[in-house]
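# What the coordinates show
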Amino acid sequence: MEQGRRRRRYKRDRISHLPDKILHRILLRLGSVPAAARTSVLSRRWRRVWTHLPELVLCDNGQVRISSFLNAVDGALAGNSTPALRALGISMFNVLSPVPAARIARWLCFASQRVTGDIFLCLPWHPESPSQGQLVEQDLELPLCVRATAINLSIGQGSRQLQLPWTGTFGALRIQDSANEN
Amino acid sequence: MAAPESGDGNNGAARMVTLISSDNTRFEVEAAAASLSQTLQLTILDGGGGGGDGIPLPNVDSATLSKVLEYCIKHAPAAANGGAPNATAVDRAELERFDNEFVNIDQSVLYSLIMAAHNLEIEGLQSLVAKKVADMIKGKSPMEIRRTLGFPDPTPEEQAEMNAHMLEYGWAYE
């Protein structure tokens, strides 16, 4: 009887039988990479669905703790295994503390290897204590992104500079926009 | 019989096309409505589907096709206006009301509709059904999502697996 009920209720779940491509579209509509990643707990079927999302857009909407947001970005990048991402967006509009350059360097490195479409990175505009000098702003180096078609960087912080690679070409690039706010 | 017109020849009676479902039911609809399907659009532009021919749709049954066409007929006028940039607020509200009502359906019907929207490449409908499923998932805990989607209750082993998995994905729950 228990088995019968189990089986009958299971038949109701049709959504899990949709092709991955459609499930990706559904997960993108969640508008949150962490929410998409949480579906991996649902069942074995769902475990790897989010890891092949064709785009990753992370925004610190309503997220107050910078560590939570940075962990979400790192977790999302580590979990994604799409060889050619059509977009990677990381936007910080709410967190105000500076982000360590080494961390950003890892994101840019990921972007350079995996993104075949748009790269969008917006770092915090006004660090809480820019003058205290606890954290010396290291310059950022933009690695060669041979497959990206658009790069939009807003590195936001006073003394930080963006360095371009000495050699090589951004082969696929159509649009580049970078802002260094002072 | 009028020659098939390309372009937006809207004079006089609207051109009709026939679609044939997998279970052999024939549906006659305005070409403009059927053309919301990217898959059908080229065939229709080439003059297909008129007269006694009909376009066979081996992947879509009659119940689903009837539902799909209900959507297309409702949305065709706005689509003909190029996404209706000059539609009135009343028109848009009416379409939104229709859309909400339209996807208020049983999950098995929703599944067939999603597959059909995908096979026929009807952009607006694909977006509508994706949003519907996303709304079923949004803001819920994994257990609530499982219940909403109609999963069986987890076995103790599955539950243990889920707990371990949630620990591993701590960053997604912060």
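- As annotated in an unreviewed UniProt entry, chain B is SKP1-like protein from Eleusine coracana subsp. coracana.
- In the Sequence similarities (unreviewed entry) part of its UniProt record, chain B is described as follows: "Belongs to the SKP1 family."
- Recorded under Pathway (unreviewed entry), the UniProt text for chain B is reproduced unchanged: "Protein modification; protein ubiquitination."

- Per an unreviewed UniProt entry, the recorded name for chain A is F-box domain-containing protein, and the organism is Eleusine coracana subsp. coracana.

### Observations concerning the UniProt feature "domain: SKP1 component POZ" (unreviewed entry) in chain B
- The UniProt entry lists residues 16–75 of chain B under the feature "domain: SKP1 component POZ" (unreviewed entry), expressed in the numbering used here.
- In residues 16–75 of chain B, the share of helix is 43% and the share of strand is 20%. The end C-alpha atoms are 16 Å apart.

### A few points about a nonpolar patch on the surface
- A cluster of nonpolar side chains, namely Phe93, Phe120 and Trp125 of chain A, defines an oily patch on the protein surface of about 310 Å² accessible area.
- Structurally, the position occupied by Phe120 of chain A is in strand E3 (residues 115–122).

### Thoughts on the domain arrangement of chain A
All names here are of chain A.
- With domains assigned, chain A is organised as domain 1 (1–53) and domain 2 (54–182).
- Each partner contributes to the interface: domain 1 provides eight residues, whereas domain 2 provides 14 residues.
- Summing both sides of the interface, domain 1 and domain 2 together bury roughly 800 Å²; the carbon and sulfur share of this comes to 63%.
- Broken down residue by residue, the surface that domain 1 buries against domain 2 is led by Leu28, Val33 and Leu53, which jointly contribute 52%.
- At the boundary of domain 1 and domain 2, one finds zero salt bridges.
- Joining domain 1 to domain 2, the criterion identifies six residue pairs in polar contact (both at pLDDT 80 or more).

### Let's talk about the UniProt feature "domain: SKP1 component dimerisation" (unreviewed entry) in chain B
- Annotation from UniProt places "domain: SKP1 component dimerisation" (unreviewed entry) at residues 124–163 of chain B.
- Helix makes up 75% of residues 124–163 of chain B and strand 0%, whereas the separation of the span's terminal C-alpha atoms amounts to 38 Å.

### Concerning helix H4 (residues 89–102) of chain B
Residues and elements named next belong to chain B.
- Given a rise of 1.5 Å per residue, 14 residues ought to cover 20 Å, and the 20 Å separating the end C-alpha atoms of H4 matches this to within 8%.
- Taken residue by residue, H4 has Leu95, Phe98, Asp99 and Phe102 as its buried positions. Angularly, the buried residues of H4 cover 100° about the axis, an arc narrow enough to put them on a single face. Residues of H4 that are exposed and point over 90 degrees away from its buried face: Ala89, Val90, Glu96 and Glu101.
- Contact partners of the buried residues in H4: helix H3 (62–80), helix H5 (107–119) and helix H6 (123–137).

### Some details on the UniProt feature "domain: F-box" (unreviewed entry) in chain A
- This chain's UniProt record puts "domain: F-box" (unreviewed entry) on residues 15–54 of chain A.
- Across residues 15–54 of chain A one finds 50% helix and 0% strand; the C-alpha atoms that close the span lie 19 Å apart.

### Concerning the nonpolar core
- Ile15, Ile26, Trp46 and Trp107 of chain A together with Leu19 and Leu125 of chain B are the most contacted members of the largest nonpolar core, which totals 93 residues.
- Top element by residues in this core is H6 of chain B. It accounts for eight residues.
- Setting aside residues no more than four positions away along its own chain, Ile26 of chain A makes contact with Leu18 of chain A together with Ala130, Val133, Ala134 and Ile137 of chain B.

### A look at unusual backbone geometry
Residues and elements named next belong to chain B.
- Even without a glycine there, the phi angle at Asn24 is positive, about 65°.
- Looking at the secondary structure, you find Asn24 in the loop between strand E1 (16–20) and strand E2 (26–30).
- Phi angles above zero are rare outside glycine, and Glu121 is one such case at about 50°.
- Locating Glu121 in the fold gives a position in the loop between H5 and H6.
- By relative accessible area, which is 40% here, Glu121 ends up partly exposed.

### Observations regarding the domain arrangement of chain B
Residues and elements named next belong to chain B.
- Domain assignment breaks chain B into domain 1 (16–81 + 88–138) and domain 2 (139–174).
- Residue-level contacts link five residues of domain 1 with five residues of domain 2.
- Across the domain 1/domain 2 interface, buried area totals approximately 480 Å², and carbon plus sulfur atoms make up 52% of it.
- Considering only the surface of domain 1 that becomes buried against domain 2, Met136, Ile137 and Lys138 emerge as the three largest contributors, covering 77% of it.
- Between the two partners, domain 1 and domain 2, sit zero salt bridges.
- Along the contact surface separating domain 1 from domain 2 lie five residue pairs in polar contact (both at pLDDT 80 or more).
- Looking at side-chain class alone, the side of domain 1 that touches domain 2 contains two nonpolar, one polar and two charged residues.

### Concerning the packing of helix H7 (residues 142–149) of chain B against helix H8 (residues 156–168) of chain B
Residue and element names in this part refer to chain B.
- Where H7 meets H8, the axes come as close as 12 Å, and the angle between the chain directions of the two elements is 130°. Relative to H8, the element H7 is oriented oblique. In this structure, H7 uses Pro142, Met143 and Arg146 to contact H8, whose residues at the interface are Glu158, Gln159, Met162 and Met166.
- Residues that form the contact of H7 with H8 fall into these classes: four nonpolar, one polar and two charged.

Calculation criteria
Residues numbered from 1 in each chain as written. Chains lettered and ligands numbered in written order. Predicted model: local features only at pLDDT ≥ 70, side-chain atom pairs only at ≥ 80, totals over all residues. Heavy atoms only, no water. UniProt positions renumbered as here; feature names shortened; annotations may be inferred. Helix = DSSP H or I, 4+ residues; strand = E, 2+ residues; numbered from the N terminus. Patch = residues over 30% accessible without salt bridge, like charges linked within 9 Å, V, L, I, M, F, W, Y side chains within 5 Å. Areas by Shrake-Rupley, 256 points an atom, 1.4 Å probe, with all protein chains shown as cover. Salt bridge = Lys/Arg side-chain N within 4 Å of Asp/Glu carboxyl O. Domains from an automatic or database assignment. Contact = heavy atoms within 4.5 Å. Buried area = accessible area lost by both parts, 1.4 Å probe. Polar contact = N/O pair within 3.5 Å; in protein donor to acceptor, adjacent residues only side chain to side chain. Expected span 1.5 Å × (residues − 1). Buried < 20%, exposed > 50% of the residue type's maximum accessible area, 1.4 Å probe, protein only. Arc of directions from axis to C-beta. Core = buried A, V, L, I, M, F, W, Y, C linked by side-chain atoms within 4.5 Å. Nonpolar A, V, L, I, M, F, W, Y, C, P; charged D, E, K, R; others polar. Axes fitted to C-alpha atoms, helices over the stretch in contact; angles between N-to-C directions. Parallel < 35°, antiparallel > 145°, perpendicular 65-115°, else oblique.

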